[in-house]
Structures are given as structure tokens and as C-alpha cells.
Amino acid sequence: MRVLLVIDGMHPRDGGPPAVVSGSSIALRAQGLDVAVLTSLRPGDERDVRTTWQGMIASGVELLFCDPVDLRQLLGLGKRSAVMQDAIDGTDVVHLHGFWTPALILAARMARTAGKPYFISTHGLLDHRAMKSSWPKWAKKRLAVELFDFASIFNGASGVIFGSETEAGESWQPSAAMRKIFIPNGVDATVGLEHVISPEARQRLASAAPPFEQWQRKLLFFSRIHPKKGVDMLVQAFNAVVSDYPGTGLLIAGLPEDAQYQAEVARLVDACPMPDNIVLTTQLTGPGSHFLYSACDIFVLPSHAEGFSVALTEALAHGKPSLITRYCHMPQVETEGAGVVVDPTPASIEAGLRKLLSLSAEQLTAMGKNARGLFERRYTWDRVAQQLGAAYSAALDE
């Protein structure tokens, strides 16, 4: 079986979905499937993409590039991508990661026309809160739904993949008839087993966050600096508790994405009553900074909306207690004793921080063991790839 994974951008700036594509493609390849990844490519990005995902390429996954797709091509006014057409014609199953962009809409149309089974991973893009984050965006999305006939795109899919039933229940559904499948994202089973931090990594950390090693208990935010990630609420909550826990520090290692929002977060950081206990940096991003999980004690993800967070799954793999919001769609973190789930408000996050910071080192260690156990049972890529492979085979048998 040949499987084509399609994504509109594999650069590290594109957040979590590229890591999902890489991890799942490697695991599918290990199961004996013939796997290719097709991504659009901005000028000048190819070297970064190949360097970042060299492990995927080394595993035997074919990496294909096509030019960015614009609205003219969707409307039939421009030449369609020959690379995309050839890739779809030469595969058995197409798996789209996302759906809003012209490239992914075009790929879905090509797959339907070619009679290829196709799947759509939603990656949290249908979450009610993400959909309605602003009324102009909501209106634009609803217009796109009608203009590009998203109902038919979703109805024609062999499966629309949500990370969990919880996520699906809090998501807008373009069609009541679409076939929902619940498959989480994953992380390689070996992640988190190695806790040695290299001297080079320690030097990078010391350069980006000089007071880090002085903190007795270390909190880590490791994601995009974007309004939906709730970093502003986290800083407000931390500012409210830090005086009561003076040995605690917060490292915000963020991927820059929204300059205006980042400036707002920076102002809140500057207002911290203990300025040596908080650091905001954009110098520790991407796979090369995953050593931060080993360096921290507690992982924090205060999101307003998530699909299935790769960062959270990596934190579980590293055996880290986590503070997350209920919109991270992983209630098991609390029910299985791996952390705390709160509402996405500064007051609720503050209460969660106080709860975790009041625990003993032994209690946090026990939480960390629960986190690793939860990961091993449910979220390794080999387990996820088995579910994906079964879904692909079932679609071909229809």
C-alpha cells in the first residue's frame, strides 16, 4: 500500500502538524507501507525543511515539494500543480493534514476526481473556540465553507480524524453525515527515556535563560506564542503566585508567530514582581530544543483551543506532570494522576499552579511516572500507526 500525506508547509514555523506528519510517516514506514509526504514550499525553505526532518527522510519516506497554491488555481484560472496531480495519481490512499488552505482543498478535489480514498486530520481547526476566535475570521471561514463546498469535501472523505471524542464533541461539524474517526497523535516510544542534557544544550539554555539553573522548581511553556495558547493568562497567574513560591521559575520557550501578542506577553513578563523568576525567549524552539522537557519539573499548556497537542504528548513521554486546560482535550491527565486540568482563565490557572507547587518532590515524581505510563499505553507512534493502517486498509476494501 502506498500512502500520501499532504500538508501545506513542513517548516518548523508551521507548528505541531509537521511533527505529526513526520512521526506518523516514520511509524507507517516501519510497518512496511510505502509512504510519501507532499508539502508546499516557500522559496528559500527547502534546506530548513530537509534539515529539520532528516530522520523522516532517512527512514525511507519520500519527500515531495510543490509550489504554493493560491485561489486562482482553485477557481480554475491558473495552472494546477503537476507534482500534486502525479503524487495523487500514483498513490493508493491520501491523508490530508488540515483543510482550510487552497493547497489542501485542491488535493481533496484531486483525490475525489482520481477515485482515491482520502482522510482529513482536523488538528483542532474545527474547535468552536478556534473557529470563533474573531468574528471576521468566523465570517471568512463560513464564506469559504459555502464557496468551496466543504460539506462535500468532508462527506467524501473515508474518515475525518479527531484526536478524541472529547475534541469532536467540542468541534463544529461541516456535515452531519461525515464519518468521524478517533485516532490520537503520537510520539516515538523512545522519546523521554534519555535524560542526559549535553554541554552544548546547557550552554544554549544558559545563554537564553541565565537564571534558569538557580530555580529550585522549574515550569516550562514550550509552544507557539499565539493568542490561542493562553500565554498571557499563564503569566498573569504566575505573577500572582510567584511571591508565595520564590524558588519557582517559569521558562516561556516560544516559537514567534504573532508579534503584537508577543509584545503583550512581554509586558506582562516585565510586570512580574520577581523578574529573575521568569524568562521569555524565542531562542529555544524546534526539535533541537526538546532537551527542555528533561530540564523542567512541570509542563504548562494553558490553551484556549487545541487539536491534539504534540507538545503535551512529548511532556507525557518525558514523564512530566502537566497543568493543562480542558480545551487541550486530554482529561486523562487528571483522571490518571498525571497532572491538573483547569479552565482557561487566569484565576483557574493560578489555582492549578498553587495545587502543583504545593506538592512534595515525591508527589511530583509519582505524577511523572503516571504521565509516562499514560503515554506508553496510548500515545506511542507505533500504536497510532496501527490504527491509521487499519483505517487505510478498510477504506481500500470498501
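Before any of the text, the structure's been laid out above.
First things first, this report covers the structure right here in the doc. Everything numeric here is computed off the predicted structure, so don't read it as measured data.

Calculation rules
- Residues numbered from 1 in each chain as written.
- Predicted model: local features only at pLDDT ≥ 70, side-chain atom pairs only at ≥ 80, totals over all residues.
- Heavy atoms only, no water.
- Helix = DSSP H or I, 4+ residues; strand = E, 2+ residues; numbered from the N terminus.
- Buried < 20%, exposed > 50% of the residue type's maximum accessible area, 1.4 Å probe, protein only.
- Polar contact = N/O pair within 3.5 Å; in protein donor to acceptor, adjacent residues only side chain to side chain.
- Contact = heavy atoms within 4.5 Å.
- Phe/Tyr/Trp six-rings, centres within 6.5 Å; stacked < 30°, edge-to-face > 60°.
- Lys NZ or Arg CZ within 6 Å of the ring centre and 35° of its normal.

Observations regarding the side chain of glutamate 306
Then step 1. Position of glutamate 306 among the secondary structure elements: in the loop between β11 (298–301) and α15 (310–317).
Then step 2. Classification of glutamate 306 by relative accessible area gives buried; the value is 5%.
Then step 3. In terms of polar contacts, glutamate 306 uses its side chain to reach the side chain of serine 303, at 2.7 Å.
Then step 4. Ignoring sequence-local partners within four residues, the contact set of glutamate 306 consists of Gly124, Asp127, Lys229, Leu301, Tyr327, Cys328 and His329.

Some words on the packing of aromatic side chains
The description of an aromatic ring pair rests on the distance of the ring centres and on the angle between the ring planes.
Then step 1. For the structure on display, the rule yields six aromatic pairs.
Then step 2. Judged by centre distance (5.0 Å) and plane angle (50 degrees), the rings of phenylalanine 99 and tryptophan 100 are tilted. As far as the burial class goes, phenylalanine 99 and tryptophan 100 line up, both buried.
Then step 3. With a centroid separation of 5.4 Å and 65 degrees between ring planes, the pair formed by phenylalanine 119 and tyrosine 392 is classed as edge-to-face. Of this pair, phenylalanine 119 sits in strand β5 (residues 118–121) while tyrosine 392 sits in helix α19 (residues 381–397); the two residues are 273 residues apart in sequence, bridging distant segments of the chain.
Then step 4. In this structure phenylalanine 119 comes out as buried when scored by relative accessible area, which is 1%.
Then step 5. What links up through ring pairs into an aromatic cluster is the set Phe99, Trp100 and Phe154.
Then step 6. The ring of phenylalanine 212 has lysine 218 sitting right over it, with the charged end atom 5.3 Å from the ring centre.

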